[in-house]
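Residues per chain, in single letters:
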Amino acid sequence: MLLYPPVAELADKVGSRYQLVNVVAQRARQISTEYEARGEPLDEKAVPIAVNEVYAGKLTLKDFGVIKQETESDSAAEASETAEPFGEPEAEG
């Protein structure tokens, strides 16, 4: 269980708990891949390393290109993309 640094403080640094989980997971995968490619063992697990990077301010959403302000037009465009592709069914008659 993660006790330090506090999750609330970490979430404040990146915007939300959801974004925190995504950033930490992406960075942890990156760290694992880098060490595996070099053939070096990790002294500690990749997730705590990534969490500490977020807490220290070394890792932000900008590092992963995740920052985007959602606007009303973005929401409308997303809603239209998930609508039925064939429109209303024709009336039989």
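Look a little higher up for the structure.
What counts as what
Residues numbered from 1 in each chain as written. Predicted model: local features only at pLDDT ≥ 70, side-chain atom pairs only at ≥ 80, totals over all residues. Heavy atoms only, no water. Core = buried A, V, L, I, M, F, W, Y, C linked by side-chain atoms within 4.5 Å. Buried < 20%, exposed > 50% of the residue type's maximum accessible area, 1.4 Å probe, protein only. Helix = DSSP H or I, 4+ residues; strand = E, 2+ residues; numbered from the N terminus. Contact = heavy atoms within 4.5 Å. Axes fitted to C-alpha atoms, helices over the stretch in contact; angles between N-to-C directions. Parallel < 35°, antiparallel > 145°, perpendicular 65-115°, else oblique. Nonpolar A, V, L, I, M, F, W, Y, C, P; charged D, E, K, R; others polar.

A. Spatial organisation of the nonpolar core. Of all hydrophobic cores here, the largest spans 14 residues; its most connected members are Leu10, Val14, Leu20, Val23, Val24, Ile31 and Val54. Broken down by secondary-structure element, the contributors of at least two residues to this core are α1 (7-14), α2 (17-38) and α3 (46-56). Every residue in contact with Val14, bar those within four places of it in the chain, is listed here: Gln19, Leu20, Val54 and Leu61.

B. How the structure looks around the packing of α1 against α2. Running from N to C, α1 and α2 point in directions that differ by 85°, and their axes come no closer than 8 Å. Viewed along their axes, α1 and α2 adopt a mutual orientation that is roughly perpendicular. Contacts between α1 and α2 involve Val7, Leu10, Ala11 and Val14 from the former and Arg17, Gln19 and Leu20 from the latter. Residues that form the contact of α1 with α2 fall into these classes: five nonpolar, one polar and one charged.

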